[in-house]
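A look at the structure
Take a look at the letters that make up each chain.
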Amino acid sequence: MGKGGCAKAGVAASNDLSTFEKEREEKIQAEPRFYWAHDEEPHRRRKQEILKKHPSLKQYMGIDPSTKFKVIFWLSFQLLSLHLLQGAPWYTWLFCCYTLSGSINHMMTLAMHELSHNLGAKGVMSNRFLAILANLPMCLPAAASFKRYHMEHHKFQGEDVVDVDIPTEFEGWFFHSAPRKVLWCFLQPAFYSLRPLAVNPKKPTRWELINILCIVVFDLMILYVWGIRGLLYLTLGTIFGMGIHPVAGHFIAEHYVMNEGQETYSYYGPLNWLTFNVGYHNEHHDFANISGKHLPDVRRIAPEYYDEMPHYHSWVKVIWDYIMDSNISPYSRVKRVTMENKEIEDLRARGGLVK
């Protein structure tokens, strides 16, 4: 794996360059500053290897029934906060908006993440509705679209065009200096929302329409009961919590290349308590059907696969290093090409992996 260069094709080819190889070369030459991988994403192969050695891990596969109670509790807590902060001085309100609302709403994004994998309840439908419930205090519709794109991030990790978790060429070109990277971190909510529309747009489905309707009704209720201040408290909490915020460090920590040759990183620190253990990110990508509650068990049972792998203990330091290290930028992501353009178009025409 390296920046630019050529990689061996993962499909059979004739003596002449195949369509696949030509498309791959064009993509690498068009964006040479990313890290281009020579092979498929590493997690599928590692999962098979670990399960063969540690079959007891299968007992942890499945839902975590406590997820729905956490969602209901923190949604209720947000509403209680709106009531308690009525009439509070602006500086108290702003402090709580960043610390309290920001942390809780970011936690709700990670509840949506957990539910996108159908790990919060039995049945796909139950998980969809729970995800929308978790989405409510964020005041911006995200749950339905997140599920569609996140499933592709797992199955096609790093795939050019398909994996919209990877920054665009423009982001890499523009946000290269420390001040601009600060701005990039602050604007992460915008990039996460708008990048998919630019890179890999999908036709909205009924679930996205349901999601939008639920958010609009909830926002109008908040506006009616607590006024514009209440609506701003929740909305800004989402923006702050996904921008320059300690828990938002996981956005960078998960897949930005800090150690060349490694494309996924875990975090073993206390903020996992607030984030459904999303910091156990290698474990999560290896075993996406194991809930966050049991990801520490994956590391405990198979320590030989995780303990020696470079990992983090501070998301705040990750943000600091990302901003201050001139060698790290939005270009610091692994990309690969394993699909022809026609396959990508066919996938898009079907509405993606999930509708």
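Per-chain numbering applies: the sequence of each chain, read as written, is numbered from 1 onward. Local features in a predicted model are, by the rule used here, given only for residues with pLDDT of at least 70; side-chain atom pairs are given and counted only at 80 or more, and totals for whole chains, interfaces and linings are based on all residues. For side-chain calculations, the full set of non-hydrogen atoms in the structure is used, while hydrogens and water are omitted.

Comments concerning the confidence of the model for the chain
Stated formally: pLDDT measures how confident the predictor is about each residue, on a scale from 0 to 100. It only takes one pair of heavy atoms within 4.5 Å for two residues to be counted as in contact.
Across the chain, the average pLDDT comes to 94, with 96% of residues at or above 70. Here residues 6-15 is a poorly scored stretch, pLDDT under 50, and it has 17 contacts once near neighbours within four places are set aside; other chains count.

Digging into helix 4 (residues 90-116)
What counts is decided by this rule: Helix and strand definitions follow DSSP, with helices as H or I runs of at least four residues and strands as E runs of at least two, each counted in order from the N terminus. Helix span, expected: 1.5 Å multiplied by one less than the number of residues in the helix. Throughout this description, buried means an accessible area under 20% of the type-specific maximum (1.4 Å probe, protein chains only), exposed means over 50%, and partly exposed covers the range between.
Taking 1.5 Å as the rise per residue, helix 4 with 27 residues should run 39 Å; its terminal C-alpha atoms sit 36 Å apart, in good agreement. Most of helix 4 is tucked away: 19 of the 27 residues are buried. At the C-terminal side of helix 4, N118 shows a positive phi close to 60 degrees.

Some points on the pattern of salt bridges
As a reminder, the rule being used: One side-chain nitrogen of Lys or Arg within 4 Å of one carboxyl oxygen of Asp or Glu is enough to make a salt bridge.
This model, assessed by the stated rule, comprises 18 salt bridges. The partner of D321 in a salt bridge is K317, with the nearest N and O atoms 2.7 Å apart. With a gap of 4 residues between them, D321 and K317 both fall in helix 15 (residues 315-324), about one helical turn apart. With a relative accessible area of 26%, D321 lands in the partly exposed category. A salt bridge links E345 to R348, with the shortest nitrogen-to-oxygen separation between them at 3.3 Å. Separated by 3 residues within a single helix, E345 and R348 lie in helix 16 (residues 341-349), roughly one turn from each other. Take E345: its relative accessible area is 43%, and that puts it in the partly exposed class. We classify R348 as partly exposed; its relative accessible area is 23%.

Examining the environment of Y265
The line we're drawing: Whenever a nitrogen or oxygen atom comes within 3.5 Å of another N or O atom, the pair is scored as a polar contact, on the condition that within protein one atom can donate a hydrogen and the other can accept it, and that pairs from neighbouring residues in sequence are kept only if both atoms are in side chains.
Summarising the element assignment, Y265 is placed in the loop between helix 11 (249-253) and helix 12 (281-286). As for Y265 and G279, which are separated by 14 residues in sequence, their C-alpha atoms are 8.3 Å apart. Polar side-chain contacts of Y265 include one of 2.9 Å to the backbone nitrogen of N259.

Structural notes on a nonpolar patch on the surface
Basically, it comes down to this: Patch criteria: residues need more than 30% relative accessible area and no salt bridge. Like-charged residues are merged within 9 Å; nonpolar side chains of Val, Leu, Ile, Met, Phe, Trp and Tyr are merged within 5 Å. Surface accessibility follows the Shrake-Rupley procedure with a 1.4 Å probe radius. Residue values consider only the protein chains on display as shielding.
Together, L209, I212, V216, L220, L223, I228 and L232 make up an exposed nonpolar region whose accessible area comes to about 620 Å². Its place among the elements puts V216 in helix 10 (residues 206-241).

Here's the deal with helix 10
Here is the rule we go by: Bending is quantified residue by residue as the angle between axes fitted to the seven-residue window ending at that residue and the seven-residue window starting at it.
Given a rise of 1.5 Å per residue, 36 residues ought to cover 52 Å, yet the end C-alpha atoms of helix 10 are separated by just 28 Å, more than 12% below that figure. Maximal helix bending in helix 10 amounts to about 130 degrees, located at W226.

Overview of empty space enclosed by the protein
Stated precisely, the cut-off is as follows: With a 1 Å grid spanning the protein atoms alone, the term cavity applies to any set of points in which a 1.4 Å probe fits but cannot get out, the term pocket to an open set with protein on both sides within 12 Å along at least five of seven lines, and the term lining residue to any residue with an atom within 4 Å of a point. Grid points are joined across faces, edges and corners, and a volume is the space filled by probe spheres set on the points. Ten residues, namely Ala, Val, Leu, Ile, Met, Phe, Trp, Tyr, Cys and Pro, are considered nonpolar, four, namely Asp, Glu, Lys and Arg, are considered charged, and the remaining ones, Gly among them, are considered polar.
Applying the stated criterion across every chain, the model contains 4 cavities of 30 Å³ or more. Its boundaries defined by the atoms lining it, the largest cavity holds a volume of some 90 Å³. As for the largest cavity, its lining consists of 13 residues, of which R128, A131, A143, A144 and K147 are closest to the centre. Counting only elements with at least two residues in the lining of the largest cavity, the list comes to helix 4, helix 5 (124-135) and helix 6 (143-155). The residue inventory of the lining of the largest cavity, partitioned by class, reads 8 nonpolar, 3 polar and 2 charged. For the second largest cavity, the calculated volume is near 50 Å³. The greatest single-element share of the lining of the second largest cavity, amounting to 3 residues, is contributed by helix 4. Of the residues contributing to the lining of the second largest cavity, the split by class is 4 nonpolar, 5 polar and 1 charged.

Topic: the nonpolar core
Inclusion rule: Among buried residues, the Ala, Val, Leu, Ile, Met, Phe, Trp, Tyr and Cys ones that are joined through side-chain atoms within 4.5 Å form a nonpolar core.
If you look at the biggest cluster of nonpolar residues, it comprises 38 residues, and the most contacted ones within it are W184, I252 and Y322. Sorting the residues of this core by element identifies helix 4, helix 5, helix 6, helix 8 (178-186), helix 11 and helix 15 as the ones contributing at least two each. Residues in contact with I252, not counting those within four places in the same chain, are W184, C185, Q188, M258, V318, I319 and Y322. By size, the runner-up hydrophobic cluster in this structure holds 16 residues, among which are A88, L136, I215 and L234.

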